[in-house]
Amino acid sequence: MEKQEYTITLYTENSIGMIGRISGIFSRRKINIESLNTSPSEVEGIHRFTILITESEEVVRKLCRQIEKQVEVLKAYFNTNDELIWQEQALYKVPAHVIAEKAYVERLLRQYGANVVVIRNDYIVFETAGHREEIDRLTEELGKYNLIEFVRGARIAIIKESAGFHSKLIQFEKTEPSQEIVENEFLDQQDNVFTM
């Protein structure tokens, strides 16, 4: 099967060591993670992982099933780029004199929707968001003008056809409600029950 970019979206409980366990599943299968982002989700106490890999659909499908076997993983989705709305963010540090002297650089930054974050006498920091190709093109152009520093953030993505994970949790609770809490009948008799 042909390899292509897939974005895996995981909903997990917020517990210590999740990143290590999730990345371990990828490394055992020798799958390179190109981008990894974690953040709180729309549901309190639930975190969202957004992972970008290049693999075949069959491998990604098996990988998601394996990840879902982790106790703290509630759901794993995988999508192609066409099924997502996605962005990456980037920061650029450019010498201040380049912006002052070169009108082309200023037009270039406006063309890519870059916003000023910090202005200093020696450099200016810009930020922009877009698809990887756009960020790569801007990076290449700014490289011609003594780009001092560049950093790209991980992919963030929303699934186009998703109603959101919160609605799935509500639906799950309706179909499989939690059992009623049963009080322990011996709880108030602890000295009488647990004596030696």
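Please refer to the structure placed before this passage.
Let me begin by describing the structure that accompanies this report. (Residues numbered from 1 in each chain as written. Predicted model: local features only at pLDDT ≥ 70, side-chain atom pairs only at ≥ 80, totals over all residues. Heavy atoms only, no water.)

Focus: the overall build of the chain
For the chain, the count of helices and strands is 7 helices and 9 strands. Considering the chain as a whole, with its 196 residues, one finds that 37% of them fall into the buried category. Within the chain, counting contacts between residues at least 6 apart in sequence, those at least 24 apart form 76% of the total. Accessible surface, the chain: about 13000 Å² in total, of which carbon and sulfur atoms supply 50%. (Helix = DSSP H or I, 4+ residues; strand = E, 2+ residues; numbered from the N terminus. Buried < 20%, exposed > 50% of the residue type's maximum accessible area, 1.4 Å probe, protein only. Contact = heavy atoms within 4.5 Å. Areas by Shrake-Rupley, 256 points an atom, 1.4 Å probe, with all protein chains shown as cover.)

Topic: a nonpolar patch on the surface
A surface patch of nonpolar side chains, amounting to about 290 Å² of accessible area, comprises Leu-91, Val-117, Val-118 and Val-151. As for its placement among the helices and strands, Leu-91 is situated in strand β5 (residues 84-95). (Patch = residues over 30% accessible without salt bridge, like charges linked within 9 Å, V, L, I, M, F, W, Y side chains within 5 Å. Salt bridge = Lys/Arg side-chain N within 4 Å of Asp/Glu carboxyl O.)

Things to note about the sheet that holds strand β4 (residues 73-79)
Strand order in the open sheet formed by 4 strands is β2-β3-β1-β4, and the pairing between neighbours is antiparallel. Each end of this open sheet is capped by a strand with a single partner; those strands are β2 (35-40) and β4. Taking the axes of each pair of neighbouring strands and ignoring which way they run, one obtains an average angle of 15° across the sheet. The pairing of β2 with strand β3 (residues 46-55) spans 6 bridges and is antiparallel. By the bridge assignment, Asn-37 is partnered in β3 with Thr-50. (Pairing = 2+ DSSP bridges. Axes fitted to C-alpha atoms, helices over the stretch in contact; angles between N-to-C directions.)

Description of the pairing of strand β6 (residues 115-119)
As paired elements, β6 and strand β7 (residues 123-130) share 4 bridges and run antiparallel to each other. Within the sheet, the bridge partner assigned to Ile-119 lies in β7 and is Ile-124. As consecutive antiparallel partners, β6 and β7 are separated by 3 residues.

A look at a positive patch on the surface
A contiguous patch of positive charge, built from Arg-28, Arg-29, Arg-65 and Lys-69, is present on the exposed surface. For Arg-28, the position within the fold is in helix α1 (residues 18-28). (Lys, Arg positive; Asp, Glu negative; His and termini not counted. Charge placed at Lys NZ, Arg CZ, Asp CG, Glu CD.)

Some words on the packing of aromatic side chains
For the coordinates displayed, the defined rule picks out 4 aromatic pairs. Ring centres of Tyr-6 and Phe-78 lie 5.9 Å apart, and the angle between their planes is 70°; this geometry places the pair in the edge-to-face category. In this pair, Tyr-6 is assigned in strand β1 (residues 4-13) and Phe-78 in strand β4, connecting sequence segments 72 residues apart. For Tyr-6, a relative accessible area of 2% corresponds to the buried category. A centroid spacing of 6.3 Å and a plane angle of 90° characterise the contact between Tyr-11 and Tyr-77, whose relative ring orientation is edge-to-face. Residue Tyr-11 is found in strand β1, and its partner Tyr-77 is found in strand β4; the two are separated by 66 residues along the sequence. A relative accessible area of 3% means that Tyr-11 is categorised as buried. Tyr-77 sits in the buried class, given a relative accessible area of 18%. Above the face of the Tyr-123 ring, Lys-93 is positioned so that its terminal group lies 4.5 Å from the ring centre. (Phe/Tyr/Trp six-rings, centres within 6.5 Å; stacked < 30°, edge-to-face > 60°. Lys NZ or Arg CZ within 6 Å of the ring centre and 35° of its normal.)

What to know about helix α2 (residues 57-68)
Structural remark: α-helix, 3.6 residues per turn; residues separated by three or four positions point the same way. The end-to-end C-alpha separation of α2 is 17 Å, in line with the 16 Å expected for 12 residues at 1.5 Å each. On its buried face, α2 sits against β1, α1, β3 and β4. (Expected span 1.5 Å × (residues − 1).)

Some points on the packing of helix α4 (residues 103-111) against helix α5 (residues 132-143)
Put simply, α4 and α5 touch, their axes get as near as 11 Å, and they point 170° apart. Taken together, α4 and α5 sit at an angle that is classed as roughly antiparallel. Note on element contacts: α5 touches α4 through Leu-138, Glu-141 and Leu-142, opposite Tyr-104, Val-105, Leu-108 and Leu-109. (Parallel < 35°, antiparallel > 145°, perpendicular 65-115°, else oblique.)

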